[in-house]
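Each chain is listed here by its residues.
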Amino acid sequence: MGQLTITRRRASTIVTMMNLYQKCSQNVRETLTSLLNFTTKKGVPMAPTSQANYLSALRQGLSTLNIPTQPQEFLSAARAIKKKLERWVRRQAIPMTLTELKRAIRLAKTTELKARLAMTWCLGLRVSDVNHLRRCDVLSCTKKGILVRLRGAKGARPGSESYFRAMPAVGWVAKHVTRYFTELDSSQTMLFPRTSYSKVRDTLKRVNPKLSCHSIRRGAATHLAVQGNSTEFIRKFLGHAQLETTRLYIQPSLVMKDYARRLKNLKTLCA
């Protein structure tokens, strides 16, 4: 069966998958084979994360219609999507180090851009998530810390554990955020109206050409792992639904460097 073009709207996911199921003569295996060939409206192959969402929607739709299926029918498709997801996440971006972040903040020309870079790192956000933030989403900004409500962010829904994010107000990086919040104009609606995605990207490229906007989020996750935090804590910090996705964000090479350093210190201790 050839490639199928579908929409990305989540509301029509189950309907789309059930229509596909009927076109395939109600054969689950043929449906899953077609699933792996999905493309977007522009003809671009769909990201593995979207493929995983549609696979989950198909299983939910079949269960809703009381159509009998076996777990083995979904196993091969799930494994193929998982391999694609691992390769896709690894290629997305290299993690940014704290030194590179500080250099990027120094290179930023405006206070708003400095605050956006610092806030993206301290809260482990995607750069696109910050675009939706409004002034009213900053619920608290004191000397102890900052509390932010993530309306419009990916995966952040009211009642979820990632809907509210907190960050300390101390430290060189965090001070850029608190300084910007105290200087905000009362008539301003959006939190960062004059900093675009391209401005963030260009600033990071000046520090390291290999960096991308997603390097900030991956760098924050790797930095927490090097400090010894558990993967479950990092999952909640990033707002991931699955622990496997969080493991892909943590760069093994940087963690192993820290592990080797700790072993060297232990040898000195045991000598």
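Parameters at a glance
Residues numbered from 1 in each chain as written. Predicted model: local features only at pLDDT ≥ 70, side-chain atom pairs only at ≥ 80, totals over all residues. Heavy atoms only, no water. Phe/Tyr/Trp six-rings, centres within 6.5 Å; stacked < 30°, edge-to-face > 60°. Buried < 20%, exposed > 50% of the residue type's maximum accessible area, 1.4 Å probe, protein only. Helix = DSSP H or I, 4+ residues; strand = E, 2+ residues; numbered from the N terminus. Lys NZ or Arg CZ within 6 Å of the ring centre and 35° of its normal. Pairing = 2+ DSSP bridges. Contact = heavy atoms within 4.5 Å. Arc of directions from axis to C-beta. Axes fitted to C-alpha atoms, helices over the stretch in contact; angles between N-to-C directions. Core = buried A, V, L, I, M, F, W, Y, C linked by side-chain atoms within 4.5 Å.

(A) Layout of the packing of aromatic side chains. Per the stated rule, a full pass over the model turns up three aromatic pairs. Taking 4.9 Å as the distance between ring centres and 80 degrees as the angle between the ring planes, the aromatic pair formed by Tyr 163 and Phe 164 counts as edge-to-face. Its relative accessible area of 10% is what places Tyr 163 among the buried residues. Ring geometry for Tyr 180 and Phe 192: centres 5.4 Å apart, planes at 10 degrees, overall stacked. Placement of Tyr 180 in helix H8 (residues 172–182) and of Phe 192 in the loop between H8 and helix H9 (197–207) is noted, with a sequence separation of twelve residues between them. Under the relative-accessibility criterion, Phe 192 is labelled buried at 7%. One residue, Arg 106, lies across the ring of Trp 172, its end atom 5.1 Å from the ring centre.

(B) Region of interest: the pairing of strand S2 (residues 145–149). As judged from the three bridges shared by strand S1 (residues 138–141) and S2, these two strands associate in the antiparallel manner. Across the sheet, Ser 140 pairs through a bridge with Leu 147, a residue of S2. Hairpin connection from S1 to S2: three residues lie between these consecutive antiparallel strands.

(C) Spatial organisation of the side chain of Thr 195. Relative to the elements of secondary structure, Thr 195 occurs in the loop between H8 and H9. The class of Thr 195 is buried, set by a relative accessible area of 6%. With residues near it in sequence (within four places) discarded, Thr 195 still touches Glu 112, Leu 113 and Arg 116.

(D) Local environment of helix H11 (residues 231–238). All buried positions along H11 are accounted for by Ile 234, Arg 235, Phe 237 and Leu 238. For H11, the buried positions fall inside an angular range of 165 degrees around the axis, keeping them on one side. Following H11 by one or two positions, Gly 239 adopts a phi angle in the positive range, close to 80 degrees.

(E) Region of the structure containing the sheet that holds strand S3 (residues 164–168). Spatially, three strands are ordered S1-S2-S3 in an open sheet, and the strand pairing comes out antiparallel. One side of each edge strand has no neighbouring strand; the edge strands of this open sheet are S1 and S3. When the angles between neighbouring strand axes are averaged without regard to direction, this sheet yields 10 degrees.

(F) The nonpolar core, seen in detail. Among the nonpolar cores identified, the biggest contains 48 residues, and Leu 117, Met 119 and Phe 181 are the most heavily contacted of them. At the level of secondary structure, the elements contributing two or more residues to this core comprise helix H5 (98–107), helix H6 (111–122), helix H7 (127–130), S2, H8, H9, helix H10 (215–226) and H11. Examining the composition of this core, we find that seven residues originate from one element, H6, more than from any other. Filtering out sequence-adjacent residues up to four positions away, Leu 117 remains in contact with Leu 101, Ala 104, Ile 105, Ala 108, Val 200, Thr 203, Leu 204 and Ile 216.

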